[in-house]
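Chain by chain, the residues:
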Amino acid sequence: RFHALAVAHNLDRNSSGRGVRQFKTALLQRLEQDEETTINERRERSDIRELRRVYRQYTDYIIKHGGDYTLETREKLIKARAIASVLLNVLNSVTSAAGSQALAESDPSRSELYVPYNILPLDQGGVHMAIMQLPEIKTAIAAVHNVRGLPFVDDFKSQVPSLDLFNWLQLCYGFQKGNVDNQREHLILLVANLLVRQNQRKTPKLIDGAVDELMKKTFKNYTDWCKFLGRKSAIRLPYLKPEAQQYKLMYISLYLLIWGEAANLRFMPECLCYVFHHMASELHGMLSGAVSLITGERVMPAYGGETEAFLNCVVFPIYDVIRKESMKTRDTAADHSSWRNYDDLNEFFWSPECFEIGWPMRLNHGFFYVGPPDDSN
């Protein structure tokens, strides 16, 4: 009703007679009174969400009863179509007038018209914003969306139509959605920043150089860790350049997702190297179509396929050791030799014995054992 009043006013702005002004004032007062009642009755918090809910209610009715040709139903369908048409026009007008920031409101995660973001509006509604028109941003986004040749793409696209490298990894390893959204933007900005610093003009060479530089920075510690323990890196790259670039971005994305969801484990960088080492090996097995010698089936992640699998099956067991060890000093002044801190636990992953934990991790290994506060062992 407020929208109808605004439309009527815009149709004839020059009507300024005394009677017109009185009518508009009285009508506005009546609408404000009605609003106090309708706000308490509606289900959604905002006008846009309530409009969308009621519009869907009518469209669902039209779809459900579209094949019913009885006289009574036909009359209801005609009325429902007319109301739905008006609601759609109002919804489009109100949405356009509100702008993207107004759509955020108190709970943006539930809005289909607005997707929260940090710096880059990667949802479809933000594609026309100025930052999304920068060539380095476009190049980085295109690289992240390159899923050509990856296994399971057809199956995954049925779940995520706009599939990219991060969605692919999420579905394989069970990373959290919020972490996936954050690290997608993180990687795009990292690549875009490196592209800006390059002096070359040809995009293919430019993106290759940026990705190579990011690989060196991201995996410097992992490379040193492998050399120290005499282990071969789990990062395996194909010979063809287009595929090599895609694989590099996959490994970087995997590490960022591990790091983003590791929480307090970030204080144990070599522990993260251990986790990445095994998950990268699984990634290589999936990409190459390798078959497990134990099961005789295609290589798949030891932890994956379920929501938050990585958090529950990898992060929590290791963090739980840290938590229990720290609890030893809460009520007693325990001697340092009777409990393990971050450095002690992380130091274990500098030794070849860490591989005895295996993958999937053997939770009965001594690393996961936490004795009582007075246990000298």
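Residues numbered from 1 in each chain as written. Predicted model: local features only at pLDDT ≥ 70, side-chain atom pairs only at ≥ 80, totals over all residues. Heavy atoms only, no water.

### Remarks on the overall build of the protein chain
Helix and strand counts for the protein chain come out as 14 helices and zero strands. Looking at the protein chain residue by residue over its 377 residues, the buried ones come to 39%. Taking all contacts inside the protein chain whose residues are at least 6 apart in sequence as the whole, residues at least 24 apart take part in 60%. For the protein chain, the exposed surface amounts to about 22,800 Å²; the carbon and sulfur share of it is 53%. (Helix = DSSP H or I, 4+ residues; strand = E, 2+ residues; numbered from the N terminus. Buried < 20%, exposed > 50% of the residue type's maximum accessible area, 1.4 Å probe, protein only. Contact = heavy atoms within 4.5 Å. Areas by Shrake-Rupley, 256 points an atom, 1.4 Å probe, with all protein chains shown as cover.)

### Focus: the nonpolar core
By size, the foremost hydrophobic cluster in this structure holds 81 residues, and its most contacted members are Trp168, Leu254, Phe276 and Leu283. For this core, the element with the most residues is helix α12 (residues 269–288), which contributes eleven residues. With sequence-adjacent residues up to four places away left out, Leu254 is seen in contact with Leu169, Tyr173, Phe175, Phe276, Met279, Ala280 and Leu283. (Core = buried A, V, L, I, M, F, W, Y, C linked by side-chain atoms within 4.5 Å.)

### Some remarks on the pattern of salt bridges
Across all of its chains, the model carries ten salt bridges by this definition. Asp181 is the salt-bridge partner of Lys177, the closest N and O atoms lying 2.8 Å from each other. On the criterion of helical spacing, the pair formed by Lys177 and Asp181 is a turn pair, its members being four residues apart in helix α8 (residues 177–197). Under the relative-accessibility criterion, Asp181 is labelled partly exposed at 32%. Close ionic contact of Arg184 with Asp181 constitutes a salt bridge, the shortest N to O distance being 3.2 Å. You can see Arg184 and its partner Asp181 sitting in helix α8, three residues apart, about one turn around the helix. On the basis of relative accessible area, Arg184 is assigned to the buried category, the value being 10%. Counted as one network, the salt bridges with shared partners bring together Asp164, Lys177, Asp181 and Arg184. (Salt bridge = Lys/Arg side-chain N within 4 Å of Asp/Glu carboxyl O.)

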